[in-house]
Amino acid sequence: MIHDLSPTRHAETRMRQRGIRDVDVYLLFEVGERVSEDAFQLTRRRAAHEITKLRRKIQQIERLRGTKLIVEEGTLITVCHEHHSANPDKRSKRNRRSR
């Protein structure tokens, strides 16, 4: 089932022929634009916009990698970066030199 839709045999056949998976259809509903009463389309402009948003999110995730939140009973106590790795091979060059 696709986004609460039941695809026809024709739709299933075309999806197979065109390499479109159920998750692709869900994504089209999520980020595509309604272009008519019965149609959704991921336009080039909308695709570029979504790609930009995802790149920003990836950059944010990379920047926050290793960051830890300490939370107690629904209150944010502190935020810190994890500097020491349990695996010496994963330590930064700077940390290895200081040993």
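Scroll up to find the structure.
Described below are features of the structure shown in this document. Note that the coordinates shown come from a computational prediction; the quantities given were computed from them, not determined experimentally. (Residues numbered from 1 in each chain as written. Predicted model: local features only at pLDDT ≥ 70, side-chain atom pairs only at ≥ 80, totals over all residues. Heavy atoms only, no water.)

Counting its secondary structure elements, the protein chain contains four helices and four strands. Reading the secondary structure of the protein chain in the N-to-C direction produces α-α-β-β-α-β-β-α. Once local pairs closer than 6 in sequence are excluded, the contacts in the protein chain between residues at least 24 apart make up 6%. Carbon and sulfur atoms provide 50% of the accessible area of the protein chain, an area that totals close to 9400 Å². (Helix = DSSP H or I, 4+ residues; strand = E, 2+ residues; numbered from the N terminus. Contact = heavy atoms within 4.5 Å. Areas by Shrake-Rupley, 256 points an atom, 1.4 Å probe, with all protein chains shown as cover.)

Pairing is possible between side chains of opposite charge, provided their charged atoms come close. Applying the stated criterion across every chain yields a total of three salt bridges. Between Arg 46 and Glu 50 there is a salt bridge whose closest N-O contact spans 3.3 Å. Here the residue Arg 46 and the residue Glu 50 both occupy positions in helix H3 (residues 44-64), the gap between them amounting to four residues, near one helical turn. Overall, Arg 46 belongs to the partly exposed group, its relative accessible area being 27%. On the basis of relative accessible area, Glu 50 is assigned to the buried category, the value being 12%. Where salt bridges share partners, they join Arg 46, Glu 50 and Lys 53 into one cluster. (Salt bridge = Lys/Arg side-chain N within 4 Å of Asp/Glu carboxyl O. Buried < 20%, exposed > 50% of the residue type's maximum accessible area, 1.4 Å probe, protein only.)

One ladder, built from three bridges, connects strand E1 (residues 33-36) with strand E2 (residues 39-41); its direction is antiparallel. The residue of E2 that forms the bridge with Arg 34 is Phe 40. The hairpin turn running from E1 into E2, its antiparallel successor, is two residues long. (Pairing = 2+ DSSP bridges.)

It is worth spelling out the layout of surface pockets at this point. Take a probe with the size of a water molecule and roll it over the atoms, and the empty space left behind shows itself. Roughly 210 Å³ of volume is contained in the largest pocket. Contributing elements (two or more residues each) for the lining of the largest pocket: helix H2 (22-31) and E2. Here the lining of the largest pocket takes three residues from H2, the largest share from any one element. Broken down by class, the residue content of the lining of the largest pocket amounts to six nonpolar, no polar and one charged. (1 Å grid on protein atoms, 1.4 Å probe; cavity = no way out; pocket = protein on both sides within 12 Å on 5 of 7 lines; lining within 4 Å. Points joined across faces, edges and corners; volume = space filled by probe spheres on them. Nonpolar A, V, L, I, M, F, W, Y, C, P; charged D, E, K, R; others polar.)

A cluster of nonpolar side chains, Leu 69, Val 71, Leu 76 and Val 79, forms an exposed patch at the surface whose accessible area comes to about 380 Å². If you list the elements that add at least two residues to the nonpolar patch, you get strand E3 (67-72) and strand E4 (75-81). Relative to the helices and strands, Leu 69 is located in strand E3. (Patch = residues over 30% accessible without salt bridge, like charges linked within 9 Å, V, L, I, M, F, W, Y side chains within 5 Å.)

Moving on: the pairing of E4. Alignment of E3 against E4, held across six bridges, turns out to be antiparallel. Bridged to Val 71 within E4 is Leu 76. Counted between consecutive antiparallel strands, the loop separating E3 from E4 contains two residues, among which Glu 73 sits at a positive phi close to 50°.

Note that every value here comes from positions in space, so none of it alone points to a role or purpose.
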